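Chain by chain, the residues:
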Amino acid sequence: MIVAFSVTPLGVGEDVGEYVADAVRVVRESGLPHRTDAMFTSIEGESWDEVMDVVKRAVAAVEKRAPRVSLVLKADIRPGVSDGLTSKVETVERHLAR
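Residues numbered from 1 in each chain as written. Predicted model: local features only at pLDDT ≥ 70, side-chain atom pairs only at ≥ 80, totals over all residues. Heavy atoms only, no water.

S.K.: Explain the pairing of strand E3 (residues 41-44) to me, please; I cannot follow it from the model alone.
M.R.: Remember that side chains alternate between the two faces of the sheet whenever the strand is regular. Taking every second residue as pointing to the same face, both faces of E3 are buried, with Thr41 and Ile43 on one and Ser42 and Glu44 on the other. One ladder, built from four bridges, connects strand E1 (residues 2-10) with E3; its direction is antiparallel. Along E3, the bridge assignment pairs valine 3 with isoleucine 43. Pairing geometry for strand E2 (residues 34-36) and E3, over three bridges, is antiparallel. (Buried < 20%, exposed > 50% of the residue type's maximum accessible area, 1.4 Å probe, protein only. Helix = DSSP H or I, 4+ residues; strand = E, 2+ residues; numbered from the N terminus. Pairing = 2+ DSSP bridges.)

If you want it as structure tokens, here you go:
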């Protein structure tokens, strides 16, 4: 499964990069395949428990320093698929190359 999520600290001002970095650090340390872009971090794992544990810990890292946290999450639940982070993008690129 792939989960794309965004953690936003609230009540800390406009510059939230250092707070977001705390969440991304948790994802990177998890060892799961992941990608971070300007809006979301996507992680891929075998199960809800595995992926959601990382999301929960990422939110907790931001909660330590922010009075309020917003979480946006989107999940692609597709058992038996691996390397979806790469293969989904490759499929789109293949179609664009035509």
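S.K.: Can you help me understand the environment of serine 30 in this one?
M.R.: Positionally, serine 30 belongs in helix H1 (residues 17-30). Of the polar contacts made by the side chain of serine 30, one reaches the backbone oxygen of valine 27; its length is 2.6 Å. (Polar contact = N/O pair within 3.5 Å; in protein donor to acceptor, adjacent residues only side chain to side chain.)

S.K.: Can you help me understand the layout of surface pockets in this one?
M.R.: Gaps left between atoms are located by rolling a probe of water-molecule size over the structure's atoms. Its boundaries defined by the atoms lining it, the largest pocket holds a volume of some 340 Å³. Around the largest pocket, the lining is made up of 15 residues, and of these Ile2, Ala4, Ser42, Leu85 and Val89 lie nearest the centre. Secondary-structure elements contributing two or more residues to the lining of the largest pocket are E1, E2, strand E4 (68-76) and helix H3 (84-96). Split into classes, the residues belonging to the lining of the largest pocket amount to seven nonpolar, three polar and five charged. Approximately 220 Å³ is the volume found for the second largest pocket. Around the second largest pocket, the lining is made up of 15 residues, and of these Ser6, Val7, Val20, Met39 and Phe40 lie nearest the centre. Among the elements of the structure, E1 and H1 are those that each provide at least two residues to the lining of the second largest pocket. Class assignment for the residues of the lining of the second largest pocket results in ten nonpolar, four polar and one charged. (1 Å grid on protein atoms, 1.4 Å probe; cavity = no way out; pocket = protein on both sides within 12 Å on 5 of 7 lines; lining within 4 Å. Points joined across faces, edges and corners; volume = space filled by probe spheres on them. Nonpolar A, V, L, I, M, F, W, Y, C, P; charged D, E, K, R; others polar.)

S.K.: Could you clarify how one ought to interpret empty space enclosed by the protein in this entry?
M.R.: In the structure shown here, the tally under the stated rule is one cavity of 30 Å³ or more. Considered as a void within the structure, the largest cavity measures approximately 70 Å³ in volume. In terms of lining, the largest cavity is formed by Met1, Ile2, Glu44, Asp76, Arg78, Val81, Gly84 and Lys88. Partitioning the lining of the largest cavity into residue classes produces three nonpolar, one polar and four charged.

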